[in-house]
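# Commentary on secondary and tertiary structure
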Amino acid sequence: GESVGLHLPTLSVQEGDNSIINCAYSNSASDYFIWYKQESGKGPQFIIDIRSNMDKRQGQRVTVLLNKTVKHLSLQIAATQPGDSAVYFCAEKNSGNTGKLIFGQGTTLQVKP
Amino acid sequence: GAVVSQHPSWVICKSGTSVKIECRSLDFQATTMFWYRQFPKQSLMLMATSNEGSKATYEQGVEKDKFLINHASLTLSTLTVTSAHPEDSSFYICSAPVGSTAEAFFGQGTRLTVV
C-alpha cells in the first residue's frame, strides 16, 4: 500500500544469514507485485516480480512469496552479503490502471560483516 | 536492457525560480512515463502519469499548475517545478514501463534543493 510520512523500518542481519523482508499491500485488484532495491541517492532497481496467480517465485538468491489471503508479500534473500545493504520496496501494479506502480513503505536492510 | 536517463542528477535553485527535469528512454519508446517524489527516509510517492501527446494525469493532492509535465515525444518527458519553494526540495524520480511486463525502469533520480 501507500505510505505517507512514515519512516522506514530497519532490518539488521549478519553477513551470510538469510534475510526476510515483509510488505503489506492494499489493492486486491493488483495483478503484479514487484520488489525493488534502492541504494542511497539512486533510483530503484528491479529485483524480482510475481504475478497475482502465483504464490512463489525464485530468482538468483532471492525468493518472493505472495499470500493473497492476507495481502502480504515477502522477499527472502539467501546468504545475505554486504552489497545487499540498501532500502527494499515492494510495489504493486494494476495493469488495467495505466500500469502505474504504487510503492509500499520500504525496509532498510543493514548487513553486518 | 532498457535504460531510462534523468537529467540533471542534482540541482540547486533559488526560491521562486523554476526547474526543469528531463526523463529520457534511451533505447525504447515510452508512451507512458511516471513521475515520483521521494522525501528522505520515505517511500516513493507517485505524482503523475505522463502521457505522450496528451495531458498528464495527476494524483490526488498534486498541483498540476506547480508541477508541469510535458511528454512531447516517445522518448522524452519533462517535469517543471514552477515557483519552487524549500518544501519542494526532494528526490524526483521518473520511470517507464517496458512492454507488457511488470517491470519498470527507473531513472537515476534528481536531487532538487531549493534555497
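Structure report, in brief. Computed from a predicted model, the values in this text were never measured in an experiment.

Right, let's talk about the sheet that holds strand β7 (residues 72-77) of chain A for a bit. All names here are of chain A. Ordered in space as β2-β7-β6-β5, the four strands form an open sheet in which the pairing is antiparallel. The open sheet terminates on both sides in strands that have one partner only, identified here as β2 (19-24) and β5 (56-58). Between one strand and the next, the sheet's axes are offset by a mean angle of 15°, whatever the strand orientation. In terms of strand pairing, β2 meets β7 through six bridges, oriented antiparallel. Considered in β7, the bridge of N22 is made with S74.

Before going further, it helps to spend a moment on the nonpolar core. Residue and element names in this part refer to chain B. Grouped together as the largest cluster of nonpolar side chains are 24 residues, with contacts concentrated most on W35, F67, L79, Y92 and L112. Counting residues per element, the ones that place at least two in this core are β2 (10-13), β3 (19-25), β4 (32-38), β5 (44-51), β7 (67-73), β8 (76-81), β9 (90-97) and β11 (110-114). Look past the residues within four positions of F67 in its chain and what remains in contact with it is R37, M47, Y58, V62, L79, T80, V81, D88 and Y92.

Let's shift gears to the environment of E59 of chain B. Mapped onto the secondary structure, E59 of chain B falls in the loop between β6 (57-58) and β7. Taking C-alpha positions, E59 of chain B is 5.5 Å from A48 of chain B, a pair spaced eleven residues apart along the chain. For E59 of chain B, the side chain forms a polar contact with the side chain of K100 of chain A, separated by 2.9 Å.

This part takes up the pattern of salt bridges. According to the stated counting rule, one finds seven salt bridges over all chains in the structure shown. Here K66 of chain B makes a salt bridge to D88 of chain B, at a shortest N to O gap of 2.8 Å. You can see K66 of chain B sitting in the loop between β6 and β7 and its partner D88 of chain B sitting in the loop between β8 and β9, a full 22 residues away along the chain. Residue classification places K66 of chain B among the buried residues on the basis of a relative accessible area of 12%. Residues joined in a network through salt bridges with shared partners are K37, E39 and K42 of chain A.

Cut-off values and rules
- Residues numbered from 1 in each chain as written.
- Chains lettered and ligands numbered in written order.
- Predicted model: local features only at pLDDT ≥ 70, side-chain atom pairs only at ≥ 80, totals over all residues.
- Heavy atoms only, no water.
- Pairing = 2+ DSSP bridges.
- Helix = DSSP H or I, 4+ residues; strand = E, 2+ residues; numbered from the N terminus.
- Axes fitted to C-alpha atoms, helices over the stretch in contact; angles between N-to-C directions.
- Core = buried A, V, L, I, M, F, W, Y, C linked by side-chain atoms within 4.5 Å.
- Buried < 20%, exposed > 50% of the residue type's maximum accessible area, 1.4 Å probe, protein only.
- Contact = heavy atoms within 4.5 Å.
- Polar contact = N/O pair within 3.5 Å; in protein donor to acceptor, adjacent residues only side chain to side chain.
- Salt bridge = Lys/Arg side-chain N within 4 Å of Asp/Glu carboxyl O.

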